[in-house]
Number of protein chains: 2
Amino acid sequence: MAFTEEGRRRVVIEGVKPEIDAGRFPIKRTVGESIIVEADMFTDGHDALSGVLQFRKKGAKKWSEVPMEFLVNDRWRGEFTVTELGRYQYTLQAWVDHFKSWARDLVKRVEAEQDISVDLLIGATMVEDAATRAKGRDATKLNDYAKNLRARAEEAVKQALSADLTTLMDRYANRELATTYHRTLEVVVDPERARYSAWYELFPRSTATEPSRHGTFKDVIKRLPYVASLGFDVLYLPPIHPIGQSYRKGKNNNVVSQPGEPGSPWAIGSEEGGHKSIHAELGTVEDFHELVAQARELNIEIALDIAFQASPDHPYVKEHPEWFLSRPDGTIQYAENPPKKYQDIYPFYFETPKWKELWEELKSVFVYWIEQGVRIFRVDNPHTKPFDFWEWLITDIKRDYPETIFLAEAFTRPKVLYQLAKLGFTQSYNYFPWRNTRWELEEFLTELTQTEVQEYLRPSLWPNTPDILTEYLQVGGRPAFMTRLVLAATLGACYGMYGPAFEFGDNQPLAVGKEEYLNSEKYEIKVHDLDRPDSLKDMIARVNHIRRGNPALHFNERIRFHNVDNEQILAYTKTTKDLSNIVLVVVNLDPHYTQSGWVDLPLEELGINLEEPYQVHDLLDDARYIWTGPRNYVELRPHTIPASIFLVRRRVRSERNFDYYQ
Amino acid sequence: MAFTEEGRRRVVIEGVKPEIDAGRFPIKRTVGESIIVEADMFTDGHDALSGVLQFRKKGAKKWSEVPMEFLVNDRWRGEFTVTELGRYQYTLQAWVDHFKSWARDLVKRVEAEQDISVDLLIGATMVEDAATRAKGRDATKLNDYAKNLRARAEEAVKQALSADLTTLMDRYANRELATTYHRTLEVVVDPERARYSAWYELFPRSTATEPSRHGTFKDVIKRLPYVASLGFDVLYLPPIHPIGQSYRKGKNNNVVSQPGEPGSPWAIGSEEGGHKSIHAELGTVEDFHELVAQARELNIEIALDIAFQASPDHPYVKEHPEWFLSRPDGTIQYAENPPKKYQDIYPFYFETPKWKELWEELKSVFVYWIEQGVRIFRVDNPHTKPFDFWEWLITDIKRDYPETIFLAEAFTRPKVLYQLAKLGFTQSYNYFPWRNTRWELEEFLTELTQTEVQEYLRPSLWPNTPDILTEYLQVGGRPAFMTRLVLAATLGACYGMYGPAFEFGDNQPLAVGKEEYLNSEKYEIKVHDLDRPDSLKDMIARVNHIRRGNPALHFNERIRFHNVDNEQILAYTKTTKDLSNIVLVVVNLDPHYTQSGWVDLPLEELGINLEEPYQVHDLLDDARYIWTGPRNYVELRPHTIPASIFLVRRRVRSERNFDYYQ
């Protein structure tokens, strides 16, 4: 083994957290969030050590530093805050701190009344050495301290241990033999919506108010106040591109369509254009600009669906046959899940020798829509395109447009879901729709929020999508919709729904045992009466209003589940870091029967005095209860509201300060 | 982000185990052991994939390969065996296997009675492609298969799915776009003694049979049959070098010694020489050679203690003052733990600008003793020398002498202990002496044997050392010695003891609350009557005999603790992988009172039929019991034998085959 360049670096730095796959992938934060970094740092022998956490905006030359604080068992901790969009870097540096060891030992020598004359000289040498690294007043002060030590002045020991000298010696520490952690770790800093957002999905063509007219962007603009009144801040549209004619699907996914049927928006591309074109019946690109602008006025961002696949009529098929796989009979390979055939869809052939051109073209699709004002994309089936492709594409785009958000429609196996999040997707669909029992929900959310996964994956919780009408919603009816609404909106800082199917409680499946909607909007144009008396819109508005007013609900990492002596009731709190906002959610998972039980709360952790009463204020129905102690009774009726979202108000100091008087 | 060289590698390989700190450190095995490698391997989309585990002796050009087998949830597994001392490497390769996907889909198409004519042509192309990579008979066979596919011959489908074609297509798989795991991982392969050994420590100068004569290597040679009769296979000697005169310690670590007192062997170096010299009163280097040779005849390896520190009289001090730290008063810095001073010891100054020369010299100490026939070293206080130094030294030495074993005397904080093991120490002292309660022992051994730690750290369990006489031994007397013996020897495949203090049950501390021995051999010469009637030598011999006869005790990773309804009783099994050897150990941790309780055994896991009786044969006292079912009664008397080491014998098939009839 060859000598290392410098064999005198005695500090080991390892066990750094957060760090994903040995630094292979960045962690994620939003602007204003902090990163707590922990590491094992130790040296041989008994010497003291000091260390710093270093961080910078990627591309900056200079590192900023904060000191690492010792915890226990050779574990240290530091923290920094990210203030700008883009990428940050962080790493660690630590060194054997001879002055710190010396000062620590000096105290013991003095206590043991030993002769310290040589020790003072040793200290003087170290202080003189530090002075050579200092300038101006600091250098003068250090030299003065050294002089006193060298002269063994009466006040020398007191000075040696003073906060002032300690600070100066820290500032000018000898780092010649410092160890720098061998990895530079990265943080992707996203806009707040990446962490906290409420999405609403609708089919633009179904927004007309007259039956059988094709809805347009102008109709969507008229629908914006409704979406805003429900409290959503992202409006997500399925693909808005020209729809292919070949093998066009009919109503209810019929393999044969009747003349005049509109087809699925995911069969992208026709003679009129492809992924950079707009389906003519929706309007013009100017109309689209107007929609984006009008939405933004209402604090709503338009999200587009990017589905990388082509109908046989897509211009790419003629212009770039090399981007598709040819079969020996000269035809192009259509999508398959043998024995099922999807002849209306051509997947791209990512193993083509022309992969670079294909990658560039697909990236340019995102860039095109970014140039049209779009900042949020829902990416269709990302798990059927290569991982390297996505990593390259997202990294590249976010370098130029760091505000961009990519939601992965990754309804796939866990490892694949996680990989897509690691490599760059900002948010991720996930198994939430199929997690229904208390155990399932607790396990699932704990995995997503209490493990390393939370550093890189932001779950977006959807009770329904145009492709997913779960059995729970089919069977549970209106109470099930209310339950899943509350769960999605409070378990997840990011959540979404497909409407107005959701607010109408649509729950007719295509067939028994199927999760598809009967008469799905994917294949036909509809018209909706938004003022239907059975609409859940008021409850949705209320839930989104509660979300907005309670910062505890804007984050996922401080979720905690609580015991209830009834398996049908799920109870959890979310809190802000400083406990100034505590939200307790209690949900009846049984859509059929009233359930009651006793909820156990860890009062001490919530900062609640065990002896004093506290108020729980149900923000859903405005009822207030005074609770005392950790165990309290709840009762939830599915047919009124199957959940409570309690704001927990502690008594602060005195009756007068009981914060629920506020 | 720049394009990668090849964007069409679609397989991701990650989550590889075993892998220490992202491959920064090797794992450890002994000759003949296997390594089970697991990894997450997956690709986008629905394509099938194939993968191999690749391994080779380090330095070899060619990799050997074994196929990875699919487990579940994108997890795969492979296994290889290491057969030679030295370093091995392993990594993984996986690829999208289009032929495997094609064959899988073909089955579904045929079942659905679809037209497969184009599919057969696609298959033919793949088989033809494989043929271009094959030679001779394989190429001919592949071309024949391809021809039949192309001709859509009647037997083509059957052939396409045949084991023969599958094997050929695996052998000549198209790996052009294969992903190779981005790390090459390493295994250090040690001799068997690294994993399984019983150490005995003695002071050579105390092996004379006449009082007050200085023992010699010749006396140690006479002691060998005794050590062998006790069943040990490593005889470890404290430093055998000349002992310094300056500040020589007297009896009981007195700071002043009387003339004629022998001093501590750890105060290394005098005018007679240093680390490469032998204390003259022990004998000559030829005597030492004779000792090594005679020991080896009895299957005992001599282990030397290497303590990198110098007495003030060590030749290094004059010859290489730059290897020590000078104080401002011109003196050399002695060892300290303020306010304590150890003026008889100079530590090496590893921050010296001459560190390279120092490192080389210290390495040459090991090489010197290796050249004298030593293969095993116990390294004194490795945690007070730099980590990089040890990594360099051990790696270098084991490259030339892969059979070398380094035992780290790392009685230090856990992170430091683990780091020393990771960077190369073969075995490690550890906290075993201070783990006494059932909970402590279970926690501790579980951490060492059931986590990643077991991949790189081999614990050596010592009930006592010349520096450690635990409170448990002091207070518990003879039963405590028996208990700790059984625990050390059966919990640890490697263990050791310091004798004859151990077999004599010496338990007088220097003072109350101290862990040092009274009248320690560290500071004076003793003479021992090995035939003392209270000696534990027969029990030690029996325990070592049991160890040798039961391969389950040669490994640590298949240890499992079992519930007993009495906290004073510890119960565990060790088993061989194939369950052909099952050892159940039950120990009374209370050295004062008889304890009894019911032991729960997981019979199914042990391969024992729940309904049938099985025999437990106490190898310590030769008693045999027939047990039935998972719960059985034990009773342990501290003053006879406080433990049972049961060989568990299952009934195999019939009465005749009841293996305890053997």
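Rules behind the numbers
- Residues numbered from 1 in each chain as written.
- Chains lettered and ligands numbered in written order.
- Predicted model: local features only at pLDDT ≥ 70, side-chain atom pairs only at ≥ 80, totals over all residues.
- Heavy atoms only, no water.
- Phe/Tyr/Trp six-rings, centres within 6.5 Å; stacked < 30°, edge-to-face > 60°.
- Helix = DSSP H or I, 4+ residues; strand = E, 2+ residues; numbered from the N terminus.
- Buried < 20%, exposed > 50% of the residue type's maximum accessible area, 1.4 Å probe, protein only.
- Lys NZ or Arg CZ within 6 Å of the ring centre and 35° of its normal.
- Contact = heavy atoms within 4.5 Å.
- Least-squares fit on C-alpha atoms with pLDDT ≥ 70 in both.

Draft legend 1. Region of the structure containing the packing of aromatic side chains. Residues and elements named next belong to chain A. Counted by the stated rule, this structure contains 92 aromatic pairs over all chains. Here the aromatic rings of F308 and F366 are separated by 5.7 Å at their centres, their planes lie at 85°, and the arrangement is edge-to-face. Of this pair, F308 sits in the loop between β13 (301–306) and β14 (309–310) while F366 sits in helix α9 (residues 355–371), placing them 58 residues apart in sequence. Of the two residues examined, F308 and F366, each falls in the buried class. Lying over the aromatic face of Y472, R484 brings its terminal NZ or CZ to 5.8 Å of the ring centre.

Draft legend 2. Representation of the environment of V374 of chain A in the model. Residue and element names in this part refer to chain A. With respect to the secondary-structure elements, V374 resides in the loop between α9 and β18 (376–379). Residue class for V374 comes out buried when judged on its relative accessible area of 0%. C-alpha separation for the pair V374 and H289, spaced 85 residues apart in sequence, amounts to 9.2 Å. Beyond its immediate stretch of four places on either side in the chain, V374 contacts F288, I302, L304 and W369.

Draft legend 3. Representation of unusual backbone geometry within the structure. Cis rather than trans, the peptide bond between P338 of chain A and P339 of chain A has omega equal to 5°. Topologically, P339 of chain A is positioned in the loop between β15 (335–337) and β16 (340–342). Between G499 of chain B and P500 of chain B the backbone carries a cis peptide bond, its omega angle lying at 0°. Considering the arrangement of structural elements, one finds P500 of chain B in the loop between β22 (494–498) and α14 (537–549). Even without being a glycine, D622 of chain B presents a positive backbone phi close to 70°. Within the fold, D622 of chain B resides in the loop between β27 (614–618) and β28 (624–627).

Draft legend 4. Looking closely at the relation of the copies chain A and chain B. Once turned by 180° and shifted 0.0 Å along the axis, chain A lies on chain B with an RMSD of 0.1 Å. Here the transformation between the copies is reduced to the relation of a two-fold axis. Rotation axis and chain A: the residue whose C-alpha lies nearest the axis is A22 of chain A, separated from it by 3.1 Å. The share of interface residues of chain A whose copies in chain B are also at the interface is 100%, consistent with both copies meeting through the same surface.

The quantities given are spatial measurements derived from coordinates; they are silent on function.
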